[in-house]
Amino acid sequence: PYMERICGYPIEEMKGKDWFENFLPIDDHDRIREVFRQAVNDIHTNGNINPIRTKDGGQVQICWYDKTLKDSDGSTLGVLAIGHDVTELKKTESALRESEQLLKYAFEATRDGIWDLNVRTGEVNAGASWFTMLGYEQGAFPHAYETWIHLLHPEDLVSAEHFITQQVLG
């Protein structure tokens, strides 16, 4: 039922049909055949991701987990493959990479002293201009919250920590 939902084909319609010809984009055939050969030969291939074609002409990205099936003599009978639809995950990862790249461009392009604090890890990411404004070479000290706090003027320390505690950490 899960695969029927993903691909749009009822199982009765696909019984006896060639998986490669019916589901895989032609340019992926050789690569996926090699992965399948490895799985049949009991070589770890879990986590392999490839697109499959859907009945409506679309594609979904499937992450595969497999187990070589053997008889009592240790001879290979086949491969049990379980696929998980990771299409949305892959789209999200791609959007995140694009967003990170745009942020990197902003850091590099501006003359403003931009910095960003990861409140979970305490890591501070700062653009090159931030270091320059403070009279330091880029990378002169660790990208850490403690470093940033140490660089604050003593009169600003209490209000800055209060702001972070109230507004950022909430």
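Described in the following lines is the structure provided in the data block. It should be emphasised that the depicted structure is a prediction, and the values quoted were computed from it without experimental measurement.

## As for the overall build of the protein
And step 1. When you go through the protein residue by residue, the secondary structure sums to 8 helices and 5 strands.
And step 2. Here the C-alpha radius of gyration of the protein, 26 Å, is well above what a compact globule of 170 residues would show, namely 15 Å.
And step 3. Overall, the C-alpha framework of the protein stretches about 75 × 40 × 30 Å when taken along its three principal axes.
And step 4. Restricting the contact set of the protein to residue pairs at least 6 apart, pairs at least 24 apart contribute 29%.
And step 5. Element-wise, carbon and sulfur atoms account for 53% of the exposed surface of the protein, whose accessible area totals about 12,100 Å².

## Digging into the pattern of salt bridges
And step 1. Counted according to the given criterion, the structure contains 6 salt bridges.
And step 2. In this structure, Arg 37 engages Glu 34 in a salt bridge whose closest nitrogen and oxygen atoms are separated by 3.3 Å. Of this pair, Arg 37 and Glu 34 both sit in helix H4 (residues 29–40), separated by 3 residues, roughly a single helical turn.
And step 3. Judged by relative accessible area, Arg 37 falls into the partly exposed class, the value being 44%.
And step 4. Looking at Glu 34, the relative accessible area reads 36%, which means it is partly exposed.
And step 5. We note a salt bridge from Lys 91 to Glu 88, for which the minimum N-O separation is 3.5 Å. With a gap of 3 residues between them, Lys 91 and Glu 88 both fall in helix H5 (residues 87–109), about one helical turn apart.

## Describing unusual backbone geometry
And step 1. Positive phi, normally seen in glycine, also occurs at Asp 42, with a value near 65°.
And step 2. Take Asp 42: it is sitting in the loop between H4 and strand S1 (48–53).
And step 3. Classification of Asp 42 by relative accessible area gives partly exposed; the value is 46%.

## Focus: the side chain of Asp 66
And step 1. Tracing the backbone shows Asp 66 in strand S2 (residues 59–70).
And step 2. The side chain of Asp 66 is buried and forms no salt bridge, while Lys 67, the nearest opposite charge, is found at 8.4 Å.
And step 3. Side chain to side chain, Asp 66 and Thr 45 meet in a polar contact 2.3 Å long.

## What to know about the state of the cysteines
And step 1. In total, this model carries 0 disulfides according to the counting rule given.
And step 2. Between Cys 7, a cysteine without a disulfide, and Cys 63, which holds the nearest cysteine sulfur, the sulfur-to-sulfur distance is 17 Å.
And step 3. For Cys 63, a relative accessible area of 7% puts it in the buried group.

## Concerning the packing of aromatic side chains
And step 1. Per the counting criterion, the structure on display carries 4 aromatic pairs.
And step 2. Each member of the aromatic cluster is reached from another via a ring pair, and the members are Tyr 9, Trp 19, Phe 23 and Trp 64.
And step 3. Sitting over the ring of Phe 20, Arg 33 keeps its end group 4.0 Å from the ring centre.

## Re the nonpolar core
And step 1. By size, the foremost hydrophobic cluster in this structure holds 12 residues: Ile 6, Cys 7, Tyr 9, Met 14, Phe 20, Phe 23, Leu 24, Ile 32, Ile 52, Val 60, Ile 62 and Trp 64.
And step 2. In terms of residue count, S2 provides more of this core than any other element does, 3 residues in total.
And step 3. In this structure Phe 20 touches His 29, Ile 32 and Arg 33, once residues within four positions along its chain are discounted.
And step 4. Residues Leu 117, Phe 131, Phe 141 and Ile 164 belong to the second largest nonpolar core, which totals 11 residues.

Cut-offs and rules
- Residues numbered from 1 in each chain as written.
- Predicted model: local features only at pLDDT ≥ 70, side-chain atom pairs only at ≥ 80, totals over all residues.
- Heavy atoms only, no water.
- Helix = DSSP H or I, 4+ residues; strand = E, 2+ residues; numbered from the N terminus.
- Rg over C-alpha atoms; globule rule 2.2 N^0.38 Å.
- Contact = heavy atoms within 4.5 Å.
- Areas by Shrake-Rupley, 256 points an atom, 1.4 Å probe, with all protein chains shown as cover.
- Salt bridge = Lys/Arg side-chain N within 4 Å of Asp/Glu carboxyl O.
- Buried < 20%, exposed > 50% of the residue type's maximum accessible area, 1.4 Å probe, protein only.
- Lys, Arg positive; Asp, Glu negative; His and termini not counted.
- Polar contact = N/O pair within 3.5 Å; in protein donor to acceptor, adjacent residues only side chain to side chain.
- Disulfide = S-S within 2.5 Å.
- Phe/Tyr/Trp six-rings, centres within 6.5 Å; stacked < 30°, edge-to-face > 60°.
- Lys NZ or Arg CZ within 6 Å of the ring centre and 35° of its normal.
- Core = buried A, V, L, I, M, F, W, Y, C linked by side-chain atoms within 4.5 Å.

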